[in-house]
Amino acid sequence: MMDCRQVTFSPEKSQERIHKALQIFPHKLLMRVLAFALHLLGASRKEVAALVEMPEESVKTLLRVVLRDGFSALRDRRLSAAPPIAVAPPSPTQIIVSHGHEGWIVEFGTQGETLSIPATHPIQARTVVLSLLNAGVLTLPQSASVLGICDAHCRELARKLASHDVADALVDKRQGQKQDFRVGPEQKAELIQQLAARSITGHDTSSEVLAEQVNERTEAGVSARTIRWHIRHLGLSDIRQSLPQLVETLKKTPTDRS
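### Side note on the sheet that holds strand 3 (residues 113-118)
Phase 1 of the analysis: Pairing is antiparallel in the open sheet, where 3 strands are placed in the order 1-2-3. With one partner strand each, in any of the chains shown, strand 1 (95-100) and strand 3 form the two edges of the open sheet. Averaged over all pairs of adjacent strands, the angle between strand axes in this sheet comes to 15°, irrespective of strand direction.
Phase 2 of the analysis: Both strand 2 (residues 103-108) and strand 3 contribute to a ladder of 6 bridges, which runs antiparallel. In the sheet register, isoleucine 105 faces strand 3, and the bridge partner there is serine 116.

### Some details on the nonpolar core
Phase 1 of the analysis: Val97, Leu130, Leu132, Leu147 and Cys154 are the most contacted members of the largest nonpolar core, which has 22 residues in total.
Phase 2 of the analysis: With 6 residues, helix 6 (residues 122-134) is the single largest residue contributor to this core.
Phase 3 of the analysis: Apart from residues no more than four positions distant in its own chain, leucine 132 is found in contact with Ile95, Val97, Val106, Val137 and Leu138.

### Let's talk about unusual backbone geometry
Phase 1 of the analysis: A positive phi is found at glutamate 53, a non-glycine position, where the angle reads about 55°.
Phase 2 of the analysis: Secondary-structure assignment places glutamate 53 in the loop between helix 3 (45-52) and helix 4 (56-69).

### Overview of the pattern of salt bridges
Phase 1 of the analysis: Per the counting criterion, the structure on display carries 5 salt bridges.
Phase 2 of the analysis: The partner of arginine 228 in a salt bridge is glutamate 208, and the shortest N-O contact between them spans 3.8 Å. A residue pair is termed long-range when its members are at least 10 positions apart, and arginine 228 in helix 12 (residues 224-233) and glutamate 208 in helix 11 (residues 207-218) qualify at 20 residues.
Phase 3 of the analysis: Given a relative accessible area of 34%, arginine 228 falls into the partly exposed group.
Phase 4 of the analysis: With a relative accessible area of 48%, glutamate 208 lands in the partly exposed category.
Phase 5 of the analysis: Here lysine 251 ties to glutamate 248 by a salt bridge, and the two come within 3.4 Å at their closest N and O atoms. You can see lysine 251 and its partner glutamate 248 sitting in helix 13 (residues 239-251), 3 residues apart, about one turn around the helix.
Phase 6 of the analysis: Lysine 251 sits in the exposed class, given a relative accessible area of 61%.
Phase 7 of the analysis: Residue glutamate 248 is classed as partly exposed on the basis of its relative accessible area, which comes to 40%.

What counts, and at which threshold
Residues numbered from 1 in each chain as written. Predicted model: local features only at pLDDT ≥ 70, side-chain atom pairs only at ≥ 80, totals over all residues. Heavy atoms only, no water. Pairing = 2+ DSSP bridges. Helix = DSSP H or I, 4+ residues; strand = E, 2+ residues; numbered from the N terminus. Axes fitted to C-alpha atoms, helices over the stretch in contact; angles between N-to-C directions. Core = buried A, V, L, I, M, F, W, Y, C linked by side-chain atoms within 4.5 Å. Buried < 20%, exposed > 50% of the residue type's maximum accessible area, 1.4 Å probe, protein only. Contact = heavy atoms within 4.5 Å. Salt bridge = Lys/Arg side-chain N within 4 Å of Asp/Glu carboxyl O.

Remember, this is a structural readout, not a statement about activity or role.
This is the structure in structure tokens:
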């Protein structure tokens, strides 16, 4: 029996790996594979349906058919019933882009060639990803997802990059995002304190709420946009997910002794 109760699951790693898998597998097929795996690991049908976002009856049918017909049943039967269509062989070089805490990784082909872009170089990352999008190597949803922006914004940036140089297309020239203005050490400390405390306790950590809290305690009068810029500038964008997990880990760790 496989007991996964002691296994630590990382939401960040899961998102990164699922995103990479979606470069190869259709979304529906990948969800069916995950549903079958969760069923084998002991999850209830209701829990499986919620996790893979499928109706519970569909999950029930899927499991019954897979256990009867084998792995081939994971594929959509409606697709297999259609007449075969000749397709060109896949390109020997496939480019995959992923984003993690340390930055962006661009993988070229199967020989292990990679391009690493540090998390502190977002303009470089946007230049590379949007150039690949304009070249037709990446799709719009893939590019938008790895850059953490919506499809419409990604499309507009790609259009600008196609007709302008990087400095004109991607560098934000709004001075409000390059200067501290009313955000000094006191405001930054309050921002970090509020973001950390709210992340741990599960409270709202939107930029609007954080701006309200910082202004109330420091009388700074900063905007939500300024708060968002400082969160990125201070490297706190991922703390909402990582901090609660770190706190839970430390609770289970013996107190450090000198």
